[in-house]
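Here is what each chain is made of, one letter per residue.
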Amino acid sequence: MAGLAATLGSGAMTDSISNIKDADLLFVTGSNTTEAHPVIALEMKKAVRRFGAKLILLDPRAIELADFATLHLRQRPGTDVAVLNAIAHVIIRDSLANSAFIEERTEGFDALAAAVAGWTPERAEVISGVPAQLIVDAAYLYAHARNAMIFWAMGITQHTTGTDNVKACSNLALLTGHIGRPATGLNPLRGQNNVQGACDMGGLPNVFPGYQAVTDEAIRRKFAAGWGVAYEALSPTPGLTVTEISRGALEGRIKAIYIMGENPMLSDPNLSHVAEAFERVELLVCQDIFLNETAQRADVVLPAASFAEKGGTFTNTERRVQLIRPALPPPGEARPDWAILLDLARRLGADWRYDGPADILAEMATLTPQYAGLSHARLAAGGLQWPCPTAEHPGTPVLHIGKFTRGRGLFAPLEFRPPAELPDDDFPFLLSTGRILFHWHGGTMSRRSAGLEAIAPEAEAEIHPADAARLGIADGEPVCVSSRRGRVVAAARLTPRSSPGMVFMTFHYAEAAVNLLTIDAVDPTAKIPEYKVCAVNITKLAQPINKELSHESESPFALA
Ligand SMILES: Nc1nc2c(c(=O)[nH]1)N[C@H]1C(S)=C(S)[C@@H](COP(=O)(O)OP(=O)(O)OC[C@H]3O[C@@H](n4cnc5c(=O)[nH]c(N)nc54)[C@H](O)[C@@H]3O)O[C@H]1N2
Ligand SMILES: Nc1nc2c(c(=O)[nH]1)N[C@H]1C(S)=C(S)[C@@H](COP(=O)(O)OP(=O)(O)OC[C@H]3O[C@@H](n4cnc5c(=O)[nH]c(N)nc54)[C@H](O)[C@@H]3O)O[C@H]1N2
Ligand SMILES: [Mo]
């Protein structure tokens, strides 16, 4: 969001899932779409197989989409700015740019041209390992396409250069004019079912709902009036991000943490530090549908109802707000999140009065311009894509038609910065972390599914066969993966999916909690951790793995 907000003025996916079939070029980078967004991946496969679209894949691993790709650029992790700068270099050098679009709709072209002038494909090859000719081919394919869509996910953002990586993607769309029309644009694939909605509702430290800055006096006055509270009650100071909160707790500046639907004891980087931070706080409250690894450390646990047990709306990655309806009653004492919050607010002295989700959305509509035309009554007939400014407005499938949210699209001159920690003699492998199709994050939900557990029961470390041969490691054998911060045990999975020198692991397994290894270095703007690059060592295990370790009965730090 930080990257696109700077270049376009708004951080959401600019196009729609249903337009994928109409694109003649798909540029996918840092998104293992078939495993993490399988429904969207089906649309991509359809575009390629049925309609002949070309696919450029920029990803260090040979993920399933590589089988569909016209070009697969396999960069060293953390070198995206070099590759994307070089693609921009070729587009400008070989006059492939859309000069009418640049003239009419953008600013900052000269600064970009100067910044990429030295980024020849040959220079990018040295840094990234991607053959220069492939970079040239990608530039031509992308620029010559009629309608080209760029997609990315965490492989682009989870770096200390995450914001720059996004801006580098944005430069390509602005250079070629592949934005502001159907089947084009910049399409960050959002992760959770409702992470878009959570951000829209101000679940960020610096904005109220609708991305309205807390630092803006007029905005604070509007919300004070809308919420019926004193203007002085609304703080003009942005809050802290997740990584800043754990640091704050470690330093004694944060006294209490209230966590809803998150399991930082598995999902935050450098877990030993996180554990220490949670030890320090005076009060830890967890509101969750299960007693996850974080809730096990809480002073108070508030049982919440799951998605199937409550009403409300979810906003998906294409900005589509959709109604959900309860299919089951909540078990035991579990209650919908909004009802728990309402009671808590009232006990704290706030005069909150909401009849339920429909009433809450009605208030949101009065204060969130993008949601102004939405109501439960309208959504009952089907989802609508924001911005939806009036009750008659049909919703907006494609953003930035004719004009960018910020006015002109802004080119971003970028210098290449390497990741915070790279392999060396002591930790000679590069660890990249992510997901597989069969599990969800810390596995709180998916590991309770016997079917999914049967398919993907244990943590694996994806290792190139050449490295394994050198270390004398056999497929399936337990290995110890260690970093400067911790160590875990996982089964070696020998595969050329990852390049030599690289190891890929998921963070789905509490008994092999990979975030014991990851580094808590963050992007300076977005504060997102560098989950995709840190240095590790791999060693053969002297003793066989203890199969009795269960993710519920044992601390995730048993091996730390
Ligand atoms: N089955 C399943 N689906 C999920 C989730 C889940 O846990 N399980 N989680 C959801 C959530 S919240 C999210 S955010 C999304 C995440 O969706 P993705 O981001 O697609 O998932 P990751 O596995 O993190 O994959 C990142 C991709 O980036 C590549 N990559 C690694 N390093 C680099 C690099 O330096 N540069 C580039 N360009 N690519 C790199 C990896 O090889 C991989 O293909 O998935 C969502 N969907
Ligand atoms: N190493 C590494 N670490 C990563 C990443 C990575 O790629 N690599 N990716 C990062 C990313 S993109 C993400 S999004 C995070 C995800 O990290 P988390 O959000 O911490 O992980 P989840 O396991 O999805 O936790 C969700 C929790 O919400 C609970 N829950 C489900 N439904 C409800 C509900 O309706 N109400 C309430 N109150 N609770 C509910 C679940 O039981 C679960 O405990 O992980 C991050 N961490
Ligand atoms: Mo995510």
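Analysis parameters
- Residues numbered from 1 in each chain as written.
- Chains lettered and ligands numbered in written order.
- Predicted model: local features only at pLDDT ≥ 70, side-chain atom pairs only at ≥ 80, totals over all residues.
- Heavy atoms only, no water.
- Near = heavy atom within 4 Å.
- Polar contact = N/O pair within 3.5 Å; in protein donor to acceptor, adjacent residues only side chain to side chain.
- Areas by Shrake-Rupley, 256 points an atom, 1.4 Å probe, with all protein chains shown as cover.
- Helix = DSSP H or I, 4+ residues; strand = E, 2+ residues; numbered from the N terminus.
- Domains from an automatic or database assignment.
- Contact = heavy atoms within 4.5 Å.
- Buried area = accessible area lost by both parts, 1.4 Å probe.
- Pairing = 2+ DSSP bridges.
- Axes fitted to C-alpha atoms, helices over the stretch in contact; angles between N-to-C directions.

Caption draft 1: Here's a closer look at the site of ligand 1. Lining the immediate environment of ligand 1, one finds 33 residues, of which A36, D59, D80, M154 and H439 sit closest. Here G78 contributes a backbone N or O atom positioned 2.7 Å from an oxygen atom of ligand 1. Contact with the protein chains covers 96% of the free accessible surface of ligand 1, which is 920 Å². Among the elements that make up the shell around ligand 1, the one with the highest residue count is helix 9 (residues 154-157) (three residues). Mapping the shell around ligand 1 onto the domain boundaries places at least three of its residues in each of domain 1 (2-189) and domain 3 (429-540).

Caption draft 2: Molecular detail of the domain arrangement of the chain. What the domain assignment reports for the chain is domain 1 (2-189), domain 2 (195-385) and domain 3 (429-540). One C-alpha centre belongs to domain 1, the other to domain 3; they are set 27 Å apart. With 23 residues of domain 1 at the interface, the matching set in domain 3 holds 23 residues. Roughly 1800 Å² is buried in total at the junction of domain 1 and domain 3, and carbon and sulfur atoms are behind 52% of that figure.

Caption draft 3: The sheet that holds strand 11 (residues 300-303), seen in detail. The strand order across the open sheet built from three strands is 9-10-11, with neighbouring strands paired in parallel fashion. Strands with a single pairing partner mark the edges of an open sheet, and in this sheet they are strand 9 (256-260) and strand 11. Sheet twist, expressed as the average angle between the axes of neighbouring strands with direction ignored, equals 10 degrees. Direction of pairing for strand 10 (residues 283-288) relative to strand 11: parallel, over a ladder of four bridges. If you follow D288 over to strand 11, its bridge partner there is P303.

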